[in-house]
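# A structural walkthrough
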Amino acid sequence: MYGNDFVPAETPGTAAPAPLDAEVEPGLEDFWRIVREDGRIEPRDVMPEDYRASLIRQIAQHAHSEIIGMQPEGAWISRAPSLRRKAILMAKVQDEAGHGLYLYAAAETLGVDRAELLDQLHSGRQKYSSIFNYPTLTWADIGTIGWLVDGAAIVNQVPLCRCSYGPYARAMIRVCKEESFHQRQGFEALHTLTHGSPAQKEMAQDAVNRWWWPSLMMFGPHDSGAAAGQGHTAKSMAWGVKRFSNDDLRQRFVDMTAPQAEALGLTLPDPDLRWNEQRGHYDFGEIDFTELFEVIRGNGPCNAERMAHRRRAHEEGAWVREAALAYAEKQAQKQAGKQAQSPVQQDAERRTPERVA
Ligand code: BYC
């Protein structure tokens, strides 16, 4: 009922990617052959410069979203209503840090440095998802984030498991497995509230009223119908990075979520939401994209707070990064020293009990 599991490989909208121009630039024949055959481009492969740049943009934005996404939920760890909920939330927030780690590592395979990407986030030159600029006002917001935000994330990210860039696709497989747990725990937390006292149910409804439209905005601006061709979708689909348009994924999310809301006994705050027998999909109301663009521009309710917290955490974590680097250097020197030793010397060292310096 509420699963968001992997979609079948062949789903409408996943036509084989193809070069945008009929003419293939010399030297890129292998790139396009691999993309067309639905293979994976690996870091050593020749790739178009705009493919590399666009992947860095998307993967970095994704990584930043994961680590900024720790903030609205982290704020509730100390206030979770039971030890069980606290343990679950701590594990979830740690998972988000892990996702950031996989994604920064995937971006680094494209030749950028993680520190440089963080600099770009801190200076506002790179973005993170709009959704994390809304406040978490009550405990029900945590369940709602799991159900709606992680739910939207899975719908968006499962197709990325088949993206043409190998390191990103492989990172996404791990991320999606964990997101699936996150979505289910959110649904379960909300189910508990909607089957609790009237005040708890009201709290759940209020949270869903606030998070529904921002969750739909997560999928990005319109990029099908009249708006097709704007933004990055057309190129990304030709490269096999994006497999579906933002609008198709948003529709999939609405179709999946509307029956789940009914199962929870909650109303989605859209008077135009209704099943359309002819289309075989739910119809839904107009999204206020002015709000999305304002939030992206930095004018959402929590943009300033999120960035201030992130910069502070980065500055306060400087000593940890320095210590980790010093340790890594020491280990590398030790390793290099060992390799320079003869096998007899190495054996003697292994047998000598370690001395505390
Ligand atoms: N927020 O042509 P478009 C998570 C920008 S983590 C901000 O459609 P694209 C989670 C877009 O960047 C969730 N900006 O672009 C974590 C572009 O601007 P630039 C994050 C947005 O890249 C912790 C412009 O609008 N998920 O779920 O083809 C706890 C035009 O857009 C947004 C990912 O990052 C937005 N919502 O498609 C819990 C998934 N939407 O760059 C949960 C990977 C659009 O030209 N990313 N923009 O200045 C993607 O799939 C794609 O990048 C997007 C946008 C669908 C987001």
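Residues numbered from 1 in each chain as written. Predicted model: local features only at pLDDT ≥ 70, side-chain atom pairs only at ≥ 80, totals over all residues. Heavy atoms only, no water.

### As for unusual backbone geometry
Even without a glycine there, the phi angle at Asp 38 is positive, about 60°. Along the chain, the position of Asp 38 falls in the loop between helix 1 (29-36) and helix 2 (49-68). (Helix = DSSP H or I, 4+ residues; strand = E, 2+ residues; numbered from the N terminus.)

### Observations regarding the packing of aromatic side chains
A full pass over the atoms with the stated rule returns eight aromatic pairs. Between Phe 31 and Tyr 51 the ring centres are 4.8 Å apart and the planes differ by 75°, which places this aromatic pair in the edge-to-face class. Of this pair, Phe 31 sits in helix 1 while Tyr 51 sits in helix 2, and the two are 20 residues apart along the sequence. On the basis of relative accessibility, which here comes to 1%, the residue Phe 31 falls in the buried class. On the basis of relative accessible area, Tyr 51 is assigned to the buried category, the value being 0%. Among the aromatic residues, those joined into a ring-pair cluster are Phe 31, Trp 32, Tyr 51 and Trp 239. Here Arg 79 stacks its cationic end above the ring of Trp 76, 3.9 Å away from the centre of that ring. Over the aromatic face of Phe 244 sits the side chain of Arg 252, whose NZ or CZ is 4.8 Å from the ring centroid. (Phe/Tyr/Trp six-rings, centres within 6.5 Å; stacked < 30°, edge-to-face > 60°. Buried < 20%, exposed > 50% of the residue type's maximum accessible area, 1.4 Å probe, protein only. Lys NZ or Arg CZ within 6 Å of the ring centre and 35° of its normal.)

### Brief notes about the nonpolar core
With 84 residues, the main nonpolar core has Phe 31, Tyr 51, Ile 59, Trp 147, Tyr 165, Tyr 168 and Phe 253 as its most contacted residues. Take this core: its biggest share by element is ten residues, from helix 6 (residues 139-157). Apart from the residues lying within four places of it in its own chain, the contact partners of Tyr 165 are Ile 41, Glu 42, Pro 43, Met 47, Tyr 51, Leu 55, Ile 59, Ala 106, Thr 109 and Leu 110. (Core = buried A, V, L, I, M, F, W, Y, C linked by side-chain atoms within 4.5 Å. Contact = heavy atoms within 4.5 Å.)

### Looking at the layout of surface pockets
If you add up the space inside the second largest pocket, you get close to 750 Å³. What lines the second largest pocket is a set of 25 residues, among which Ile 67, Leu 118, Arg 310, His 314 and Arg 321 lie closest to the centre. For the lining of the second largest pocket, the secondary-structure elements that each account for two or more residues are helix 2, helix 3 (70-74), helix 4 (83-108), helix 5 (114-122), helix 12 (303-316) and helix 13 (318-340). When grouped by side-chain class, the residues that make up the lining of the second largest pocket number 14 nonpolar, six polar and five charged. (1 Å grid on protein atoms, 1.4 Å probe; cavity = no way out; pocket = protein on both sides within 12 Å on 5 of 7 lines; lining within 4 Å. Points joined across faces, edges and corners; volume = space filled by probe spheres on them. Nonpolar A, V, L, I, M, F, W, Y, C, P; charged D, E, K, R; others polar.)

### A few points about the state of the cysteines
In total, this model carries zero disulfides according to the counting rule given. For the unlinked cysteine Cys 161, the closest cysteine sulfur is that of Cys 176, found at 3.8 Å. (Disulfide = S-S within 2.5 Å.)

### Some words on the site of the ligand
Residues in close proximity to the ligand total 31 residues, the closest being Lys 127, Ser 130, His 232, Lys 242 and Asn 246. Here an oxygen atom of the ligand sits 3.0 Å away from a polar atom, N or O, in the side chain of Arg 57. His 232 places a polar side-chain atom, nitrogen or oxygen, 2.5 Å from an oxygen atom of the ligand. Out of a free accessible area of 1000 Å², the ligand has 90% covered by protein chains. Of all the secondary-structure elements, those providing two or more residues to the shell around the ligand are helix 2 and helix 6. It is helix 2 that contributes the most residues to the shell around the ligand, six residues altogether. For the shell around the ligand, a count of residues per class yields eleven nonpolar, 13 polar and seven charged. (Near = heavy atom within 4 Å. Polar contact = N/O pair within 3.5 Å; in protein donor to acceptor, adjacent residues only side chain to side chain. Areas by Shrake-Rupley, 256 points an atom, 1.4 Å probe, with all protein chains shown as cover.)

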